[in-house]
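# Residue-level structural notes
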Amino acid sequence: AQSVTQLGSHVSVSEGALVLLRCNYSSSVPPYLFWYVQYPNQGLQLLLKYTSAATLVKGINGFEAEFKKSETSFHLTKPSAHMSDAAEYFCAVSFYGSSNTGKLIFGQGTTLQVKP
Amino acid sequence: EPEVTQTPSHQVTQMGQEVILRCVPISNHLYFYWYRQILGQKVEFLVSFYNNEISEKSEIFDDQFSVERPDGSNFTLKIRSTKLEDSAMYFCASSGGGQETQYFGPGTRLLVL
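Below: a short report on this structure. Just so we're clear, the structure is a prediction, and the values are computed from it rather than from any experiment.

## A few points about the pattern of salt bridges
Inspection of every chain in the model, using the stated rule, returns five salt bridges over all chains. In this structure, Asp85 of chain A and Lys78 of chain A form a salt bridge, with 2.9 Å as the shortest nitrogen-oxygen distance. For Lys78 of chain A, a relative accessible area of 10% corresponds to the buried category. The residue Lys83 of chain B makes a salt bridge to Asp62 of chain B at a minimum N-O spacing of 4.0 Å. Placement of the pair is Lys83 of chain B in the loop between strand 8 (75-79) and strand 9 (88-95) and Asp62 of chain B in the loop between strand 6 (53-57) and strand 7 (65-68), with a sequence separation of 21 residues.

## What about the layout of surface pockets?
As a volume, the largest pocket reaches approximately 420 Å³. Lining the largest pocket we find 16 residues, and of these Leu44 and Gln45 of chain A together with Glu3, Tyr103 and Phe104 of chain B sit closest to its centre. Per-element accounting of the lining of the largest pocket gives the leading share, three residues, to strand 5 (residues 44-50) of chain A. Residues that form the lining of the largest pocket fall into these classes: nine nonpolar, five polar and two charged. Here the second largest pocket defines a volume of roughly 350 Å³.

## Focus on the sheet that holds strand 3 (residues 19-26) of chain A
All names here are of chain A. Strand order in the open sheet formed by five strands is 1-3-8-7-6, with antiparallel pairing between adjacent strands. In this open sheet, the two edge strands, each paired with only one partner strand, are strand 1 (3-7) and strand 6 (56-58). Direction aside, the axes of adjacent strands within the sheet are offset by 20° on average. Where strand 6 meets strand 7 (residues 64-68), three bridges bridge the pair, whose relative direction is antiparallel. Pairing of Leu56 across the sheet is with Glu66, part of strand 7.

The rules we used
- Residues numbered from 1 in each chain as written.
- Chains lettered and ligands numbered in written order.
- Predicted model: local features only at pLDDT ≥ 70, side-chain atom pairs only at ≥ 80, totals over all residues.
- Heavy atoms only, no water.
- Salt bridge = Lys/Arg side-chain N within 4 Å of Asp/Glu carboxyl O.
- Buried < 20%, exposed > 50% of the residue type's maximum accessible area, 1.4 Å probe, protein only.
- Helix = DSSP H or I, 4+ residues; strand = E, 2+ residues; numbered from the N terminus.
- 1 Å grid on protein atoms, 1.4 Å probe; cavity = no way out; pocket = protein on both sides within 12 Å on 5 of 7 lines; lining within 4 Å.
- Points joined across faces, edges and corners; volume = space filled by probe spheres on them.
- Nonpolar A, V, L, I, M, F, W, Y, C, P; charged D, E, K, R; others polar.
- Pairing = 2+ DSSP bridges.
- Axes fitted to C-alpha atoms, helices over the stretch in contact; angles between N-to-C directions.

Structural data, given as structure tokens:
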């Protein structure tokens, strides 16, 4: 069975500071991993995804994430937070295989607050 | 840029009533999904749909729920007899393949009174 755990339901950083949002996964098969962002009153937008190519994945808006198999982690980082980064961030897992329907399993989400 | 659209954006209904949530996926996509997010909780998978049939469904997706692709563009989620606990944001998503990126619509906020 697959699952995703996001450590910290709320993270607060100052503008210009490093953003680190944590995600750990559990999967019995090699996973696909995703980070989605949700701005208020909007749908989910893909930030980046890992699909077994490079372990360091770069996404939109300066975000990146590193797949660490030994730690079963896929933490999201951004070197310098911007006010516009304030949103809800979701980590999700899927897997590849002949029976894959593409179902995404999401973590609980982390609300990022950026203080001026 | 192509996008997934959903209607209505908000719906209020009485318990026991039927509701139909509508989605227009991206036009050349083949896989379609419904997810829901109860307020304050995680996004949960409901159902996936491919080749005009359900390919996978969750435990949440019981007999009260059904999906349909009535024509070449719409993808609908029907809840036959709504319950209070069906109140949630419902997201539609589509992708070009089972292992490809899913694109989400803006959601329909359903409130059951």
